[in-house]
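Analysis of the macromolecular model
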Amino acid sequence: MAGVVRLEPVDEANLESLLSVAAAEAEPSDVMPPVEAPAGWSHARREAFRNFHRASFDGLDGPNRTLMFAVCVGGEVVGMIRMTRCAAPGVVETGMWLGRSARGQGLGAAALRELLNTAAAAGMHSVVAETTPDNVGAVSVLRNCGAKLREEGGKVHAEISLDATPPAVG
């Protein structure tokens, strides 16, 4: 699956592909907020997934202040990365998920680097994230992309300054 990572804004054209990857290669709790629905990828949970993503179609200036991107490699959707405006001006928070078959190949770091470029182009100066210490993949991606990490209260808080020299691709 090696190839160039491209970010495409999530829209009706790629939403079903994103849902297909999520349902085949991820747990609902890894890719969307919890909903009251039968376990697994039930019809109700699939609808909630669609609605969750549609709520951000208006981007950073919309009501959810969130811009979601499908992570694409070789023309295939492999996951999602987003940025959400924070209360502090010029700061966005990010989160992402990749389907199981796309993990461990450097695609997460490549997607985050693309998002950092997009955030900088949108006038942001800082990108923050939060994960758990046991999410080794996320911690590694954040570290590889130049994040300053601190652990507090069972969470890992990350901050990437967009004013600093970006880390070398590698």
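Structure: see above.
Residues numbered from 1 in each chain as written. Predicted model: local features only at pLDDT ≥ 70, side-chain atom pairs only at ≥ 80, totals over all residues. Heavy atoms only, no water.

**Side note on the overall build of the chain**
Applied cut-off: The numbering of helices and of strands both runs from the N terminus, where a helix is a DSSP run of H or I of at least 4 residues and a strand a run of E of at least 2. Working definition: with a 1.4 Å probe on protein chains only, accessible area under 20% of the residue-type maximum means buried, over 50% means exposed, and in between means partly exposed. Throughout, a residue-residue contact means that at least one pair of heavy atoms, one from each residue, lies within 4.5 Å. Note that accessible areas follow from Shrake-Rupley with a 1.4 Å probe, and for residues the cover is restricted to the protein chains shown. Charge convention: Lys and Arg are scored as positive, Asp and Glu as negative, and His as well as the terminal groups of each chain are ignored. Charge positions come from single atoms, namely NZ of Lys, CZ of Arg, CG of Asp or CD of Glu.
Within the chain, the regular secondary structure consists of five helices and seven strands. Taken from the N to the C terminus, the helices and strands of the chain come in the order β-α-α-α-β-β-β-α-β-α-β-β. With the C-alpha coordinates of the chain rotated into their principal frame, the extents come out at 45 × 35 × 35 Å. When each of the 170 residues of the chain is scored for burial, the buried share is 42%. Sequence-distant contacts in the chain: of pairs separated by 6 or more residues, those separated by 24 or more amount to 55%. Summed over its atoms, the accessible surface of the chain is roughly 8,800 Å², and 52% of this surface lies on carbon and sulfur atoms. Taking the 15 positively charged and 20 negatively charged side chains of the chain as two groups, their mean positions are separated by 2 Å.

**Observations regarding the packing of helix α1 (residues 12–25) against helix α3 (residues 43–54)**
Defined as follows: Helix axes are fitted to C-alpha atoms over the stretch in contact, other axes to C-alpha atoms as well, and angles between N-to-C directions run from 0 to 180 degrees. For this classification, under 35 degrees means roughly parallel, over 145 means roughly antiparallel, 65 to 115 means roughly perpendicular, and everything else is oblique. In this scheme the handedness of a crossing depends on how the near helix is turned from the far one: anticlockwise by less than a right angle means left-handed, clockwise means right-handed.
Orientation of α1 relative to α3, taken along the N-to-C sense of each, is 135 degrees, at an axis distance of 10 Å. Looking at the two axes, α1 sits oblique to α3. Between α1 and α3 lies a crossing whose hand is right-handed. Packed against α1, whose contacting residues are E12, L15, E16, L18, L19, A22 and A23, the element α3 presents R46, F49, R50, H53 and R54 at the interface.

**Quick word on the packing of aromatic side chains**
Definition in use: Two rings from Phe, Tyr or Trp (for Trp, the six-membered ring) form a pair when their centres sit within 6.5 Å of each other. Planes less than 30 degrees apart are called stacked, planes more than 60 degrees apart edge-to-face, and all others tilted.
Following the criterion strictly, the structure yields one aromatic pair and no others. On the basis of an interplanar angle of 75 degrees and a centroid distance of 5.8 Å, the ring pair of W41 and F49 is categorised as edge-to-face. Both residues of the pair, W41 and F49, belong to the buried class.

**Focus on the packing of helix α4 (residues 107–121) against helix α5 (residues 136–144)**
Here is the rule we go by: Any residue outside Ala, Val, Leu, Ile, Met, Phe, Trp, Tyr, Cys, Pro, Asp, Glu, Lys and Arg is labelled polar, Gly included; the first ten of those are nonpolar and the last four are charged.
Viewed as axis vectors pointing N to C, α4 and α5 meet at an angle of 50 degrees, and their least axial separation amounts to 9 Å. Classed by the angle they form, the pair α4 and α5 counts as oblique. Along this stretch, α4 crosses α5, giving a crossing that reads as right-handed. In this structure, α4 uses G108, A109, L112 and R113 to contact α5, whose residues at the interface are V141, L142 and N144. Classifying every residue of the contact of α4 with α5 gives four nonpolar, two polar and one charged.

**Here's the deal with the sheet that holds strand β7 (residues 155–161)**
The strands that make up a sheet are held in pairs by hydrogen bonds between backbone atoms, and each pair lies either parallel or antiparallel. Applicable threshold: At least two DSSP bridges between two strands are required for those strands to pair.
Spatially, the seven strands line up as an open sheet ordered β1-β2-β3-β4-β5-β7-β6, and their pairing is mixed. Only two strands of the sheet have a single partner each, and these edge strands are β1 (5–9) and β6 (148–152). Averaged over all neighbouring strand pairs, the angle between strand axes comes to 30 degrees, with direction disregarded. As paired strands, strand β4 (residues 91–98) and strand β5 (residues 126–131) are joined by three bridges and run parallel to one another.

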